Amino acid sequence: MKKKVLSLVLAFMMIFAFSAVLTGCGGSDDGAEDSGFKVGFICLHDENSTYDKNFIDAANAACENLGVEAVIKTNIPEGQECYDAAAELVDAGCGIIFADSFGHEDFMIQAAKDFPDVQFCHSTGTKAHTEGLDNYHNAFASIYEGRYLAGIAAGMKINEMIDAGDITADQAKIGYVGAFTYAEVVSGYTSFFLGARSVCESATMEVTFTGSWYDEALEKEAANKLMDDGCILISQHADSMGAPTACEKKGVPNVSYNGSTQDACPNTFIVSSRIDWTPYYEYAIDAAMNGEAIDADWTGNLETGSVVLTDINEDVAAEGTADAIEEAKAKLESGELQVFDTATFTVEGKALDSYKADVDTDADYTADTEVIEDGAFMESKFRSAPYFDVQIDGIKLLDQKF
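Computed from a predicted structure; not experimentally measured.

Note: strand E1 (residues 38–42) against strand E2 (residues 69–73), five bridges, orientation parallel. Within E2, the residue paired with Ile42 across the bridge is Lys73. What joins E1 to E2 is helix H2 (residues 50–66), and the crossover it makes is right-handed.

The next thing to look at is the pattern of salt bridges. Applying the stated criterion across every chain yields a total of 10 salt bridges. A salt bridge links Lys127 to Asp106; the nearest nitrogen and oxygen atoms lie 2.7 Å apart. Pair noted here: Lys127 is in the loop between strand E4 (119–123) and helix H5 (128–131) and Asp106 is in helix H4 (residues 105–114), with a separation of 21 residues, a long-range link. Judged by its relative accessible area of 22%, Lys127 is partly exposed. For Asp106, a relative accessible area of 46% puts it in the partly exposed group. A salt bridge links Lys250 to Asp228; the shortest N-O distance between them is 2.7 Å.

With respect to the element layout, Glu219 can be found in helix H8 (residues 216–228). Notably, Glu219 is buried but unbridged: the nearest opposite-charge side chain belongs to Lys220, and the N-O separation is 10 Å. A polar contact of 2.8 Å, which involves the side chain of Glu219, links it to the backbone nitrogen of Asp215.

Moving on: the pairing of strand E3 (residues 94–99). Buried residues dominate E3, accounting for five of its six residues. Strand direction decides the pairing type here: E1 and E3, joined by five bridges, are parallel. Paired with Gly40 across the bridge in E3 is Ile97. Across four bridges, E3 lies against E4 in parallel orientation. Bridge pairing in E4 links Phe98 to Cys121. The handedness of the E3 to E4 crossover, carried by H4, is right-handed.

So, about the sheet that holds E2. The strand order across the open sheet formed by six strands is E2-E1-E3-E4-E5-E11, and the pairing between neighbours is parallel. Edge strands, defined here as strands with exactly one partner in the open sheet, are E2 and strand E11 (297–300). Averaged over all neighbouring strand pairs, the angle between strand axes comes to 20°, with direction disregarded. The sheet strands contacting helix H3 (residues 80–91) are E1, E2, E3 and E4, and the helix crosses E1 at an angle near 170°.

What counts, and where the lines are drawn
- Residues numbered from 1 in each chain as written.
- Predicted model: local features only at pLDDT ≥ 70, side-chain atom pairs only at ≥ 80, totals over all residues.
- Heavy atoms only, no water.
- Pairing = 2+ DSSP bridges.
- Helix = DSSP H or I, 4+ residues; strand = E, 2+ residues; numbered from the N terminus.
- Right-handed = clockwise from strand over helix to strand, strands pointing away.
- Salt bridge = Lys/Arg side-chain N within 4 Å of Asp/Glu carboxyl O.
- Buried < 20%, exposed > 50% of the residue type's maximum accessible area, 1.4 Å probe, protein only.
- Lys, Arg positive; Asp, Glu negative; His and termini not counted.
- Polar contact = N/O pair within 3.5 Å; in protein donor to acceptor, adjacent residues only side chain to side chain.
- Axes fitted to C-alpha atoms, helices over the stretch in contact; angles between N-to-C directions.
- Contact = heavy atoms within 4.5 Å.

Take a look at the structure:
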């Protein structure tokens, strides 16, 4: 009897182990087997943040595609906790570790110095190309192109509202909820505005800041403030559902970020842009597995599949939006169209024909690199992370304390 029980137990253990291989991150639909390679991920928040969810989804997709194990740590602040999390992932056997938030960088650099046999990759960071470490890398994508395309959808919607008599041309004021006044946010709201104004010449914008990447109450309050101030369409660079749900409640069109909010906001959501991190994760993980060098500063774009838009909500978007976006996308990919074409904006009433940006970031944030070439501000050319920090005409900042 004891032998039969033991046999049954062993059989169940074998079935459970086999099932774990099939259903874990090490398996994939095409039958890829678990390689035994571990990949660590450090996230500022968890899946309740649209920003972090975007990273987590990409992490799981990349690991499944490559047949490796993902070890994901969430809610890791931008402090010593990041270093501690990185050290724990090294102890867990991870051969490459990714972090997803700007403030993680110094702690990832320290970890890279302390654990030279492990690769460390950091999204949105700025220091890899000046640190010169073989095992520390930055990555970003030309998301300003995605925001420009999303801006076209916004401009088309505003034109529809003008044509319907819902607003006049001089009421075409967009509201934007930003987190901080970092170049990443400035680049984002400016490219969105330029996309909108490319189809709606009378568009203006107001931007307010929350001082936090993720604060649902503050983001909702900011969106309401903008709408109360006469903004007739809202977008954002902040990571909760605060702004989209505020728009849904008031019936104001919304262009979100980092994923569709259509299920929660079916009557106001138009489209969303986001960075798809899957291509970068697959590239870097594959290189680490094979002992190959990883770019110190990698930039994804529309062509690599790193900059994407969600499906358009046809129930809210203006007629012809999809065609207008596809036309502009083709021009961006061919180089015919530059998002920051200096002929399309002014600064204090004057054309911008020269500008030095803070590319080689130092403690004093000294401007060091001429970035105007052939009549355009060349974002992403000299560093993967955004460095566009120009305040152009037509955009009013309501709060600059952050």
